[in-house]
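# Architecture and fold: a report
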Amino acid sequence: MSKQILILPGDGIGPEIMAEAVKVLELANDKYSLGFELSHDVIGGAAIDKHGVPLADETLARARAADAVLLGAVGGPKWDTIERDIRPERGLLKIRAQLGLFGNLRPAILYPQLADASSLKAEIVAGLDILIVRELTGGIYFGAPRGVRELENGERQAYDTLPYSETEIRRIARVGFDMARVRGKKLCSVDKANVLASSQLWREVVEQVAKDYPDVELSHMYVDNAAMQLVRAPKQFDVIVTDNLFGDILSDEASMLTGSIGMLPSASLDADNKGMYEPCHGSAPDIAGKGIANPLATILSVSMMLRYSFNLQDAADAIEKAVSLVLDQGLRTGDIWSAGCTKVGTQEMGDAVVAALRNL
Ligand code: NAD
């Protein structure tokens, strides 16, 4: 039976990078007879322009029916001044929540060819391969109550809530342990248990889950220390598991260790490994329409999709190998360019990956 992939390019550079990722996906589909059927729809600002909301009900229904979703990025200045509840980013939060995509996997891998692109010394980052597992559908981004209230003295006070249930913590901890088990067998759980009640429960539940994984070495770290350790000695980490807010910040920090956010894919999975795959970066309005965005994070998101939702390890390996070969050829988009390399645009980079994959 064919497998349905829903393509949601989004806004800004989204359509440009997605066009290249789709070329790679279509070639892999033919070359390895994967049986994928692709369909396209809109999300974010593009959906606001078409439907008046950032995620139309029919798009959500198509995403539910699909076996996996490939997304570009959403948002841009055009929609920054509209009502908060229907901004492009709300569409993204809604699709993640409605599809139950609680497990966000964000690898930070430094391709040896790009060691010069990192802002850290090459010896600190060479060979870096970290996986950050971020809880994606709970915590402070979704917690209620939230809002702005008036205090007795007439001043306004804004407030958010950071709730985590044992079930939410247990299921993301399991994802962390499962990933560590097939990698370096080390899991670091990051929290703020010295201050936050939610973090105290987090730590307690992670300890309970650890009993099922005696082969994985568990450690705990406060988030402020983790932020420091990531730039001091990032290779001490194998897998990091953390909550929604801390994971958002730490994964962006980790991404810069690798030189460019334009290289980093992500996967967001539900309990059955149905997933949505997207680059870690946003819609980059500053370079949209110029044909210079790096499409590799989106292309690598395709490989994560083959690996995690469809267990197609050979095809996933082939896409990653094709990306590595293109970097070997010295081809670089502007964000990862360094002296001696050849600067190419979005389309040329996509074409080069397609050519490398075809020849494998
Ligand atoms: P951004 O990730 O879009 O851009 C940050 C910087 O990185 C910019 O200088 C940009 O040019 C560069 N960059 C990003 N992706 C790149 C690529 N593939 N190739 C080359 N350079 C790249 O973050 P931002 O500027 O904070 O946000 C811009 C918009 O994107 C906002 O509307 C924001 O809400 C949205 N956003 C969306 C997502 C998402 O869709 N998942 C994530 C983050 C931000």
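Our subject is the structure listed above.
### Some details on the site of the ligand
In the neighbourhood of the ligand, 20 residues make up the surrounding shell, with Val74, Glu89, Gly282, Ala284 and Asp286 lying closest. Residue Val74 places a main-chain N or O atom 2.9 Å away from an oxygen atom belonging to the ligand. A distance of 3.2 Å separates a nitrogen atom of the ligand from a polar side-chain atom of His281. Across the complex, the protein chains shield 67% of the 810 Å² of accessible surface that the ligand would expose by itself. Residue composition of the shell around the ligand, grouped by class: nine nonpolar, seven polar and four charged.

### Here's the deal with helix 11 (residues 313-328)
A rise of 1.5 Å per residue sets the reference length of helix 11, with its 16 residues, at 22 Å; its end C-alpha atoms lie 22 Å apart and thus fit the reference within 8%. Burial in helix 11 covers these residues: Ala315, Ala316, Ala318, Ile319, Ala322, Val323, Val326 and Leu327. Contacts from the buried residues of helix 11 go to helix 1 (14-31), helix 10 (296-308), strand 13 (331-332) and helix 12 (346-359).

### Some details on the packing of helix 3 (residues 57-65) against helix 4 (residues 88-98)
Contact geometry for helix 3 and helix 4: axes closest at 11 Å, N-to-C directions at 40 degrees. Our classification of the angle between helix 3 and helix 4 gives oblique. In this structure, helix 3 crosses over helix 4, and the sense of that crossing is right-handed. Residues Asp57, Leu60, Ala63 and Arg64 of helix 3 form the contact with helix 4, whose participating residues are Lys94, Ile95 and Gln98.

### Remarks on helix 12
Under the 1.5 Å per step criterion, the end-to-end length of helix 12 is 20 Å for 14 residues, consistent within 8% with the ideal 20 Å. Listed as buried for helix 12 are Thr346, Met349, Gly350, Ala352, Val353, Val354, Ala356 and Leu357. Taken together, the buried residues of helix 12 touch helix 1, helix 10, helix 11 and strand 13.

Scoring rules and cut-offs
- Residues numbered from 1 in each chain as written.
- Predicted model: local features only at pLDDT ≥ 70, side-chain atom pairs only at ≥ 80, totals over all residues.
- Heavy atoms only, no water.
- Near = heavy atom within 4 Å.
- Polar contact = N/O pair within 3.5 Å; in protein donor to acceptor, adjacent residues only side chain to side chain.
- Areas by Shrake-Rupley, 256 points an atom, 1.4 Å probe, with all protein chains shown as cover.
- Nonpolar A, V, L, I, M, F, W, Y, C, P; charged D, E, K, R; others polar.
- Helix = DSSP H or I, 4+ residues; strand = E, 2+ residues; numbered from the N terminus.
- Expected span 1.5 Å × (residues − 1).
- Buried < 20%, exposed > 50% of the residue type's maximum accessible area, 1.4 Å probe, protein only.
- Contact = heavy atoms within 4.5 Å.
- Axes fitted to C-alpha atoms, helices over the stretch in contact; angles between N-to-C directions.
- Parallel < 35°, antiparallel > 145°, perpendicular 65-115°, else oblique.
- Left-handed = near helix turned anticlockwise from the far one by under 90°.

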